[in-house]
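# Descriptive analysis of the structure
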Amino acid sequence: MLLLSQFLKHQNTPDDLVELTDTLMVACKEIAIQLREGALAGILGTSEEVNVQGETQKKLDIISNDILKAVLLDNPLVAGVASEEEEEPVAGNPNGKYLVTFDPLDGSSNIDINVSVGTIFSILECPEGMSGGDEAAFLQAGRKQVASGYVLYGTCAVLTLTTGNGVNMFTLSHTGDFILTRENVQIPEQTQEFAINMSNQRFWEPAMQNYVSDLLLGEEGPLGKRYNMRWVASMVAEVHRVLTRGGIFMYPWDKRAPEKPGKLRLMYEGNPMSWLIEQAGGRSTTCYKDILDVEPDKIHQRVAVALGSKQEVTTMMAYHGEK
Ligand code: P6P
């Protein structure tokens, strides 16, 4: 059995990145414990607060965010953190080497119905001479990440991580250790499973409407095979399924909010998930370009997402004009 830090050292991961990943997992273990308590600890349901996204915060959104901030900012490696639940970045050690962005509890609308949620994180280097409390320090394209991943709090807690040497999965044991359970994850290039919120169909652009209607035509349609559909409403659970057995997950632009490029956030959902997908041999796009090439100009900016099995994403891109 290989522990997380042992495995990362075997991969010649820099010692300070191994330390920071271990620190992140201290926070995620505490979040997992809080989630397991659920109703018993009186922490289900919503708070009276609304976050910068304009969303009513679940009590566990706030608890998870506070745990991550406290644990990360206590590590001198951390120059600053940016969270879905924080309007501005929070400065850490002025001499810290790393920046961490995170969605503390993605899919939190599922907490009260006991469906999987997760913590998504992305690690960047803090640019020379910039403060970790300054939004500008975080505005780096996804290809600049030095590590990215998530902890899915499902039937078991699983860390899925990349530091640029492939994607590996670690399961949280009852002894509190993340143990390697899947090495060098590779996404099947083809799939028969798609994930999209079909209730938004009338709001999509025609290219997405045409692609999805061909998926639904199955073997009688131009794609020539039967597809199955999933929608968990928890990106972490969807991405974990895609990494585990293939598929295409989409949250495209829609005309309900035409000024927004999409619903999901680039810096702590799109980028970390896209690096995992590409490292596992898949594709992750805005429907028009690779998400990892998007140059951010705001910490909470949103992005359209279509990611998963390489051949299926390429088919979808052809409907959007890719040659
Ligand atoms: P909808 C969760 O709130 C989230 O940000 C993602 O985890 C998930 O994929 C999506 O929103 C679900 O959105 O509109 O289907 O509720």
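Per chain, the residues get numbers from 1 upward, laid out in the order the sequence is written. Whole-chain, interface and lining totals are the exception, using all residues; otherwise, since this is a predicted model, local features are given only for residues with pLDDT of at least 70 and side-chain atom pairs are given and counted only at 80 or more. The side-chain numbers reported here are obtained from all heavy atoms of the structure, hydrogens and water having been left aside.

Only buried residues count toward a nonpolar core, which is a set of Ala, Val, Leu, Ile, Met, Phe, Trp, Tyr and Cys residues joined through side-chain atoms within 4.5 Å. The cut-offs for exposure are 20% and 50% of the maximum accessible area for each residue type, with area from a 1.4 Å probe on protein chains only; residues under the lower value are buried, those over the upper are exposed, and the others partly exposed. Counting 39 residues, the largest nonpolar core has M25, L72, I123, Y153 and L159 as its most contacted members. With ten residues, helix α2 (residues 15-37) is the single largest residue contributor to this core. Counting 38 residues, the second-largest nonpolar core is a separate cluster that includes Y150, V167, V242 and M267. Numbering of helices and strands runs from the N terminus, with a helix taken as a DSSP run of H or I at least four residues long and a strand as a DSSP run of E at least two residues long.

This next bit is on the site of the ligand. We call a residue near a molecule or strand whenever a single non-hydrogen atom of that residue lies within 4 Å of it. Close to the ligand lie 13 residues; D106, N197, W231, M235 and Y251 are nearest. Notes on the ligand: free accessible area 400 Å², of which the protein chains cover 82%. Where the shell around the ligand is concerned, the elements lending two or more residues are β13 (248-251) and β14 (264-265). Residue exposure ignores everything except the shown protein chains as possible cover, and the areas themselves are Shrake-Rupley values with a 1.4 Å probe.

Turning our eyes to something else, we now look at the domain arrangement of the protein chain. For the protein chain, the assigned domains read domain 1 (4-182) and domain 2 (193-319). Placing the centre of domain 1 and that of domain 2 at their C-alpha centroids yields a distance of 23 Å. At the interface, 49 residues of domain 1 touch 33 residues of domain 2. Taken together, the two surfaces of domain 1 and domain 2 that pack against each other cover about 3,100 Å², and 59% of this comes from carbon and sulfur. Sorting the residues of domain 1 by area buried against domain 2 places L139, R143 and Y150 first, and these three jointly supply 19% of that buried surface. Salt bridges are counted wherever a side-chain nitrogen of Lys or Arg sits within 4 Å of a carboxyl oxygen of Asp or Glu. Among the ionic pairs, E278 bridges to R143, the shortest N-O distance being 3.0 Å. In protein, a polar contact means a hydrogen-donor-capable atom and an acceptor-capable atom, both N or O and within 3.5 Å, with residues adjacent in sequence counting only if both atoms are side-chain atoms; elsewhere, any N or O pair within 3.5 Å suffices. Remark: the boundary between domain 1 and domain 2 carries 20 residue pairs in polar contact (both at pLDDT 80 or more). When contributions to the side of domain 1 that touches domain 2 are tallied by element, the ones reaching two or more residues are β3 (78-83), β5 (98-106), β6 (117-125), α4 (135-138), β7 (147-153), β8 (157-162) and β9 (167-172). Classifying every residue of the side of domain 1 that touches domain 2 by side-chain character gives 20 nonpolar, 20 polar and nine charged. How far each domain reaches was decided by an automatic or database domain assignment. Whether two residues touch is decided by their heavy atoms; if any such pair falls within 4.5 Å, the residues are in contact. In short, buried area is how much 1.4 Å probe accessible area vanishes from two parts on joining, totalled over both. All residues other than Ala, Val, Leu, Ile, Met, Phe, Trp, Tyr, Cys, Pro, Asp, Glu, Lys and Arg, Gly among them, are scored as polar; the first ten of these are nonpolar and the last four charged.

In terms of burial, β7 is a largely internal element, seven of the seven residues being buried. Side chains A147, G149, V151 and Y153 of β7 all project onto a buried face; the interleaved residues S148, Y150 and L152 project onto the opposite face, where all are buried too. Pairing between β6 and β7: seven bridges, direction antiparallel. What sits directly across from F121, in β7, is G149. Relative to β8, β7 is paired through six bridges, and the arrangement is antiparallel. Paired with G149 across the bridge in β8 is L161. Between β7 and the antiparallel strand that follows it, β8, lie three residues. The criterion for strand pairing is that DSSP finds at least two bridges linking the strands in question.

Another aspect to go through is the sheet that holds strand β15 (residues 283-285). Spatially, five strands are ordered β12-β11-β13-β17-β15 in an open sheet, and the strand pairing comes out mixed. Two strands lie at the open edges of the sheet, namely β12 (228-230) and β15, each paired on one side alone. Across the sheet, the mean angle separating the axes of adjacent strands is 15 degrees when strand polarity is ignored. Relative to strand β17 (residues 305-308), β15 runs antiparallel, the two sharing three bridges. Note that in β17 the partner of S284 across the bridge is L307. Contacts from helix α5 (residues 206-217) reach β11 (193-195) and β13, with the element oriented near 145 degrees to β13. Between N-to-C directions, angles cover 0 to 180 degrees, with each direction set by a line fitted to C-alpha atoms, over the stretch in contact for helices.

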